[in-house]
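# A structural walkthrough
So the chains spell out like this:
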Amino acid sequence: MSRVAIIGAGASGLVCAIEAARKGHQVTLFEKNSKVGRKILATGNGRCNISNEKINITRYHGESPSFAKEALRRFDTFTCKAYFRALGLEMREGEEGRLYPMSHQASSVVDLLIHEARSLHVNVLLESEVTKIEKKDAEFMLHVNAQTHIFDACVIATGSVAMPTLGSSGSGYDFAKSLGHSVIEPYPSLVQLISDEPFLKEASGVKMDAGVDLYIDNQKCQSVQGDLLFTTYGLSGSAILEVSRKASKAFVDGETVHVVLDLLPNLSREALASLLQKRLSFAKGKSLSLWLEGIIPKKLALFILQREKLTSLKDASSLGAKEMKKILFALKSLRLHVKATKGFESAEVCAGGVDVRELDAKNLMSKKIPNLYFCGEVLDIDGDCGGFNLHFAWASGYLVGQSL
Ligand SMILES: Cc1cc2nc3c(=O)[nH]c(=O)nc-3n(C[C@H](O)[C@H](O)[C@H](O)COP(=O)(O)OP(=O)(O)OC[C@H]3O[C@@H](n4cnc5c(N)ncnc54)[C@H](O)[C@@H]3O)c2cc1C
């Protein structure tokens, strides 16, 4: 039996603690917050998109994403479902293979995990922030609340710097560096985009299905279709989160970012042109915005008309070919400049993190320091939106716990 320290009672730390305790180790789980799993509680809008039916290595990113293969092989979707079912949690499938707890409550996941950890006698220390890790001979000395604790193995499961209000402040990167590891500079991912386009505020609150093309330095580099939400600062919604990783990286590299929106993705340009033409026959006496309201939300119509400088045209029937072309273009190819992302404070995850090339993929142990392990988002592995990040947190925590 070894004395094992796990730093961070988030998704990866909790599963790691359970597995390590099942193997008979004496496990201490340090958590700086007064509660465990605060970030889990915020996931999936409180419903916790726990995993996905289509877990696949292609949905993961980083300098060396194939590193995650072994963790995902050992803990695939089937194993994940069986694992949580054994804890007492039933699941249900949502859109695009997303898996949620049947209760649709993230708290069910946290409650069952902590119950299991406590039943296995994991020593859970809350309000216990680890501030320093020292390696002395074969032992790890952890500094916590002015005390020093000694362990045979140490697992860093501290998360990233995404949404630091929930606990992950980036201390894992500092620990890694202090122990001789390299860290790929983190940047926000799955994050909203800020636009400085005039009049965009007019459309704030409009939610719709849209096509989103991402342009970096005027080159198209990603196309998605999904939920789009106009906000007071710019754009949100699942389609925006999906393209945000590449946008965020472009800002790090000093490149320019635009999105081109297709506001009616299920109508071809030709079909829309003929629909608009047809609608002219009953445009007489209608304001342009009222005429457009028949096909798009009013707030969006007002935004488009202001942007295209068409507000002076009072009657829709007076639309000329040139104005019609402008409207058609705005509905199918609305080009918006993106100034920045909403940053770490709003990001769901971070790209970057501890360089996985310095770890053994079979057990996530440091190649530099024996019995030092890393799991979860602190690593330079990040997943797509849709349950892929939590899945990697469970899978990597499971792999470490089993390997200890
Ligand atoms: C709003 C939001 C919604 C999300 N929704 C989803 C979703 O639906 N599906 C999905 O797959 N992913 C989602 N994610 C991402 C997912 O939550 C994370 O990828 C996952 O929680 C990472 O797990 P982790 O264990 O690595 O880190 P965390 O869950 O962040 O846990 C790290 C823990 O370590 C603690 N800690 C940090 N430093 C110290 C220290 N020095 N001493 C002691 N304790 C410390 C922190 O307080 C924290 O509790 C979402 C994220 C956010 C922010």
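Residues numbered from 1 in each chain as written. Predicted model: local features only at pLDDT ≥ 70, side-chain atom pairs only at ≥ 80, totals over all residues. Heavy atoms only, no water.

To continue, consider the site of the ligand. The environment of the ligand is made up of 35 residues, and the closest members are Ser12, Glu31, Gly44, Glu377 and Leu390. Glu31 is positioned with one of its side-chain polar atoms (N or O) 2.6 Å from an oxygen atom of the ligand. Asn389 places a main-chain nitrogen or oxygen 3.3 Å from an oxygen atom of the ligand. Here the ligand loses 96% of its free accessible area of 1000 Å² to cover by the protein chains. Counting only elements with at least two residues in the shell around the ligand, the list comes to helix 1 (11-22), helix 2 (38-42), helix 6 (171-178) and helix 12 (388-403). The biggest single contributor to the shell around the ligand is helix 12, with four residues. A breakdown of the residues in the shell around the ligand according to their chemical character gives 13 nonpolar, 16 polar and six charged. (Near = heavy atom within 4 Å. Polar contact = N/O pair within 3.5 Å; in protein donor to acceptor, adjacent residues only side chain to side chain. Areas by Shrake-Rupley, 256 points an atom, 1.4 Å probe, with all protein chains shown as cover. Helix = DSSP H or I, 4+ residues; strand = E, 2+ residues; numbered from the N terminus. Nonpolar A, V, L, I, M, F, W, Y, C, P; charged D, E, K, R; others polar.)

Looking now at the pairing of strand 2 (residues 26-30). When you tally the buried positions in strand 2, you get four out of five residues, the bulk of the element. Sheet analysis places strand 1 (residues 3-7) next to strand 2, joined by five bridges and oriented parallel. From the neighbouring strand, Ala5 faces strand 2, where its bridge partner is Thr28. Between the parallel pair strand 1 and strand 2, the chain is carried across by helix 1, and the sense of this crossover is right-handed. (Buried < 20%, exposed > 50% of the residue type's maximum accessible area, 1.4 Å probe, protein only. Pairing = 2+ DSSP bridges. Right-handed = clockwise from strand over helix to strand, strands pointing away.)

It is worth spelling out the sheet that holds strand 6 (residues 98-101) at this point. One open sheet accounts for three strands, arranged 3-6-5; its pairing is antiparallel. Sheet topology places strand 3 (51-52) and strand 5 (91-93) at the edges, where each strand pairs with a single neighbour. Where strand 3 and strand 6 come together, two bridges link them in antiparallel fashion. Note on strand 6: the bridge partner recorded for Asn52 is Arg98.

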